[in-house]
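# Report on the structure
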Amino acid sequence: MIQLYHVSKRYPNGCDALNDVTLRIREGEFVFLTGASGAGKSTLLRLLLVMERATEGQILIGGRNIHVLRDSSVPFLRRNIGVVFQDFRLIKNRTVFENVAIALEIMGLGRKEIERRVNQLLEGLRLIQRAHSPVTDLSGGEQQRVAIARALVNEPAILLADEPTGNLDPELGHDIMQLLIDINRRGTTVAVATHDAYMIEHYGLRTLVLHKGKLLEDRPRVSVRPGQDVRPPPSPLVYGSPLAMQPPVAAAESSLASAADPDAVEAP
Amino acid sequence: MKRPPRPDYVLRQAWLLVRASPWLAAVSSLTIALALALVGVFAMVLFNASQLLHDLGRSLTLTVYLRENALDTDIAAVQAKVRTHAGVKGVRVLTADQDRTRNTKLLPAELLQGLDEAAIPGQPVIEVDLNADLGSRADVDTLSAWCKSLKAVQSVEDAEFGAEKLRLLFAFVEIARTIGLVLTFVLLASAMFFVFSTIRLSVFSRKEEIEILALVGATPVFIRVPFLVEGVLQGLCGSLLAAGLLGLLHLELLGLIRDVHMLNLSATLLPPGMIVWLVLGGPLVGLAAAAVSVGRYLKV
Ligand SMILES: Nc1ncnc2c1ncn2[C@@H]1O[C@H](COP(=O)(O)OP(=O)(O)OP(=O)(O)O)[C@@H](O)[C@H]1O
Ligand SMILES: [Mg+2]
């Protein structure tokens with residue numbers, strides 16, 4: 001699903017944020033991206049979103065080389081990649097509903113269709129009561145759930161999260177992580193940048209360790225089925241929600257789809 | 001899947017942008033309205049002035065005064081020369097006696113008392129009814145030149161058609177047109193500047209939102225269109241205001257014309273094409289100014 005070949009990124013100020021990184025993330029996989037501050041985690045995610053272009057090397061997403069992607073095609077790539085940030089990046093003067101709907105508005109969908117899909121998702125995320133509140137009235141945890149809803153509403157094949165729990169207290173952080181894992185179980189490829197060592201330890205999922213722009217270590221998922229003891233069952237947050245009943249349509253339809261990955265986190 | 005943004009979404013966003021800075025939007029709309037109303041007023045004046053001049057030109061009379069000793073053959077020769085000119089509708093010849101009788105009628109009776117018949121001036125006259133297409137001062141000059149060529153004939157004493165008055169009228173129209181153009185240009189430029197600044201502030205205030213939209217996969221068109229429509233809305237408000245102002249003025253003037261009936265103004269004080277341009281003008285000006293602002297400040 002995501003392949004990097006000898007990717008380097010040097011910022012205009014001469015800072016080498018990534019240095020000869022080669023890695024592969026398969027469809028349906030869940031990976032943590034970790035490393036000290038300044039290791040290049042955000043830079044890697046920014047390259048995948050084409051917010052920056054690699055200085056050297058090739059990046060393939062769903063088999064497409066984004067190195068040669070024209071600027072005019074970038075928006076269409078981004079519609080296949082949901083993204084969540086530490087600071088939520090919600091549009092402040094709009095409601096919860098509008099913030100989620102925007103991901104469908106940009107595709108020019110009809111009003112009815114947008115309402116149906118957004119409400120369904122908000123229901124699953126227990127946000128429906130707040131649908132018409134301004135996002136700024138929500139707590140941090142709720143705002144992050146809104147951001148996740150926005151990232152998911154058009155059913156992207158990939159979900160990227162840059163320190164999604166960084167601004168939340170540990171309990172809320174755990175909720176959000178659980179939500180991301182549930183999303184992954186339904187087929188979405190998920191990559192989460194974090195420097196929360198406890199979190200990584202706790203979930204025992206595949207972890208890519210960056211150090212000063214280099215890929216230092218690729219720790220595989222703990223092979224004993226960790227879900228049995230470490231992970232609680234899928235949280236009621238989205239369990240039984242519309243997401244559970246529908247396979248991710250975007251993944252199935254888009255050119256990004258490829259063979260299912262055996263390493264995917266299985267539901268217990 | 002490359003669908004355009006939904007019109008109701010774009011309109012709503014544009015409306016929110018306008019509402020976010022209502023005073024700036026109002027100033028922009030007002031300057032556009034002022035500029036357009038001015039264009040309208042000058043168009044009214046110029047349109048009616050040139051109508052008036054055309055009407056004058058259509059019923060112009062050129063009078064050729066012949067010398068008192070002119071022979072019938074001379075008169076016939078002049079008459080023939082006059083008829084060769086295009087636009088001559090009719091030619092009337094008055095003998096010296098006929099001219100005297102006419103002049104007598106023109107003078108007040110008490111002035112004529114005890115006056116010798118011979119003392120009243122009279123000379124052979126040719127009156128030429130002209131249908132001249134007077135579009136500019138140059139047309140008056142052309143006619144003057146022809147008039148002069150008539151004067152060059154031996155038996156002709158004088159020939160005139162009121163060229164000086166016509167020239168003066170045309171000069172007035174030209175001055176009005178120049179003033180109108182300059183004022184319109186200045187006002188339109190400042191209106192555009194106001195819209196441009198308003199949109200620039202809008203773009204700056206939505207910097208974060210623009211970044212987010214780009215991140216979730218909005219195309220540059222999707223991001224830009226609401227700002228362009230914001231400009232169009234400001235222009236539209238300006239146009240409607242200007243139309244209202246001109247409508248009121250129009251009614252006032254029509255009332256005035258009915259009172260002072262001798263004024264020969266056409267009932268449509270504005271040419272219909274001009275009305276279309278005034279209504280379209282605001283949105284076009286708004287769109288142009290917004291496009292410049294968005295092109296310069298909205299980078300995606
Ligand atoms: N826009 C930029 N221009 C110049 N240098 C940058 C830019 N963004 C990041 N860098 C530099 O690139 C390096 C990697 O930054 P990056 O943000 O990818 O690190 P990170 O792993 O996400 O760190 P953190 O955990 O603090 O978020 C850092 O040294 C940083 O200073
Ligand atoms: Mg970072």
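Residues numbered from 1 in each chain as written. Chains lettered and ligands numbered in written order. Predicted model: local features only at pLDDT ≥ 70, side-chain atom pairs only at ≥ 80, totals over all residues. Heavy atoms only, no water.

Secondary structure assignment for chain A yields 10 helices and 10 strands. Looking at the 268 residues of chain A, the share that counts as buried comes to 58%. Long-range contacts, defined here as pairs at least 24 residues apart, represent 72% of the contacts in chain A between residues at least 6 apart. Counting only carbon and sulfur atoms, one obtains 52% of the accessible surface of chain A, whose full area is about 11400 Å². (Helix = DSSP H or I, 4+ residues; strand = E, 2+ residues; numbered from the N terminus. Buried < 20%, exposed > 50% of the residue type's maximum accessible area, 1.4 Å probe, protein only. Contact = heavy atoms within 4.5 Å. Areas by Shrake-Rupley, 256 points an atom, 1.4 Å probe, with all protein chains shown as cover.)

On to the confidence of the model for chain B, then. Predicted confidence across chain B gives a mean pLDDT of 86, with 96% of residues reaching 70 or more. Model confidence for the complex is summarised by a pTM of 0.81, with the ipTM given as 0.83. (pLDDT = per-residue confidence, 0-100.)

This part takes up the nonpolar core. One broad rule of soluble globular proteins: the nonpolar side chains tend to lie buried together. Residues and elements named next belong to chain A. Grouped together as the largest cluster of nonpolar side chains are 79 residues, with contacts concentrated most on Phe 30, Phe 32, Val 118, Leu 122 and Leu 180. In contact with Val 118, not counting residues within four places along its chain, are Phe 97, Val 100, Ala 101, Leu 104 and Val 153. One finds Leu 23, Ala 39, Leu 44 and Ala 157 within the second-largest nonpolar core, a separate group that totals 35 residues. (Core = buried A, V, L, I, M, F, W, Y, C linked by side-chain atoms within 4.5 Å.)

Next up on the list: the site of ligand 1. All names here are of chain A. Every one of the 14 residues lining ligand 1 counts as a neighbour, but Ser 37, Gly 38, Lys 41, Ser 42 and Thr 43 are closest to it. The contact in question runs from an oxygen atom of ligand 1 to an N or O atom on the side chain of Thr 43, over 2.5 Å. Relative to its unbound accessible area of 630 Å², ligand 1 is 64% covered by the protein chains. Here the shell around ligand 1 takes three residues from helix 1 (residues 41–48), the largest share from any one element. In terms of residue class, the shell around ligand 1 is made up of five nonpolar, seven polar and two charged. (Near = heavy atom within 4 Å. Polar contact = N/O pair within 3.5 Å; in protein donor to acceptor, adjacent residues only side chain to side chain. Nonpolar A, V, L, I, M, F, W, Y, C, P; charged D, E, K, R; others polar.)

Turning our eyes to something else, we now look at a nonpolar patch on the surface. Residue and element names in this part refer to chain B. On the surface, Val 276, Trp 277, Leu 280, Leu 284 and Leu 287 cluster together to form a nonpolar patch covering roughly 480 Å² of accessible area. Looking at where Leu 284 falls in the secondary structure, it is placed in helix 10 (residues 272–297). On the accessibility criterion, Leu 284 (45% relative accessible area) is partly exposed. (Patch = residues over 30% accessible without salt bridge, like charges linked within 9 Å, V, L, I, M, F, W, Y side chains within 5 Å. Salt bridge = Lys/Arg side-chain N within 4 Å of Asp/Glu carboxyl O.)

Attention shifts here to the sheet that holds strand 7 (residues 158–162) of chain A. By way of backbone hydrogen bonds, the strands of a sheet pair with one another, either parallel or antiparallel. All names here are of chain A. If you trace the six strands from one edge of the open sheet to the other, you get 6-7-8-3-9-10, paired in mixed fashion. The open sheet has two edge strands, strand 6 (81–85) and strand 10 (214–219), and neither has a second partner. Going across the sheet, the axis of each strand differs from the next one's by a mean of 15°, ignoring polarity. Sheet topology note: the strand 3 (residues 30–34)/strand 9 (residues 206–211) ladder contains four bridges and is parallel. Each residue of the ladder has a partner; that of Leu 33, found in strand 9, is Leu 208. Strands strand 3, strand 6, strand 7, strand 8 (189–193) and strand 9 of the sheet are contacted by helix 1, whose axis makes an angle of about 150° with strand 7. (Pairing = 2+ DSSP bridges. Axes fitted to C-alpha atoms, helices over the stretch in contact; angles between N-to-C directions.)

Below, the discussion takes up the packing of helix 9 (residues 220–259) of chain B against helix 10 of chain B. Residue and element names in this part refer to chain B. Relative to each other, helix 9 and helix 10 sit at 150°, their axes nearing to 7 Å. When the axes of helix 9 and helix 10 are compared, the pair comes out roughly antiparallel. Viewed along their axes, helix 9 and helix 10 form a crossing whose handedness is right-handed. Counted together, Arg 224, Phe 227, Leu 228, Gly 231, Val 232, Gly 235, Leu 236, Ser 239 and Leu 246 of helix 9 and Leu 278, Val 279, Gly 281, Gly 282, Pro 283, Gly 286, Leu 287, Ala 290, Ala 291 and Val 294 of helix 10 form the full contact between these two elements. Of the residues in the contact of helix 9 with helix 10, the class split is 12 nonpolar, six polar and one charged. (Parallel < 35°, antiparallel > 145°, perpendicular 65-115°, else oblique. Left-handed = near helix turned anticlockwise from the far one by under 90°.)

The tally for this structure, following the rule as stated, stands at five aromatic pairs over all chains. Each ring, one from B:Phe204 and one from B:Tyr297, has its centre 5.5 Å from the other, and the planes form 75°; the classification is edge-to-face. A residue pair is termed long-range when its members are at least 10 positions apart, and B:Phe204 in helix 7 (residues 163–205) and B:Tyr297 in helix 10 qualify at 93 residues. For B:Phe204, a relative accessible area of 44% gives the class partly exposed. Positioned over the ring face of A:Phe85 is A:Arg89, at 4.2 Å from the centre of the ring. (Phe/Tyr/Trp six-rings, centres within 6.5 Å; stacked < 30°, edge-to-face > 60°. Lys NZ or Arg CZ within 6 Å of the ring centre and 35° of its normal.)

What follows concerns the interface of chain A and chain B. Taken residue by residue, the interface counts 25 residues in chain A and 22 residues in chain B. The contact between chain A and chain B buries some 2100 Å² in all, and 56% of this surface belongs to carbon and sulfur atoms. Across the chain A-chain B interface, the total number found is four salt bridges. A salt bridge links B:Arg6 to A:Glu105; the shortest N-O distance between them is 3.0 Å. Counting across the interface, chain A meets chain B through nine residue pairs in polar contact (both at pLDDT 80 or more). Looking at the side of chain A that touches chain B, the elements with two or more residues in it are helix 2 (74–78), strand 6, helix 3 (96–105) and helix 4 (111–124) of chain A. In terms of residue class, the side of chain A that touches chain B is built from 13 nonpolar, three polar and nine charged. (Buried area = accessible area lost by both parts, 1.4 Å probe.)

Turning our attention to the sheet that holds strand 1 (residues 60–66) of chain B. Residue and element names in this part refer to chain B. Ordered by their spatial adjacency, four strands build an open sheet running 2-3-1-4, and the pairing between neighbours is antiparallel. Of all the strands in the sheet, the pair left with one neighbour each is strand 2 (88–94) and strand 4 (156–160). When the angles between neighbouring strand axes are averaged without regard to direction, this sheet yields 15°. Where strand 2 lies against strand 3 (residues 125–130), six bridges are found, and the strand directions are antiparallel.

All names here are of chain A. The phi dihedral of Phe 88 is positive, around 65°, even though this residue is not glycine. With respect to the helices, strands and loops of the structure, Phe 88 is situated in the loop between strand 6 and helix 3. Take Phe 88: its relative accessible area is 10%, and that puts it in the buried class.

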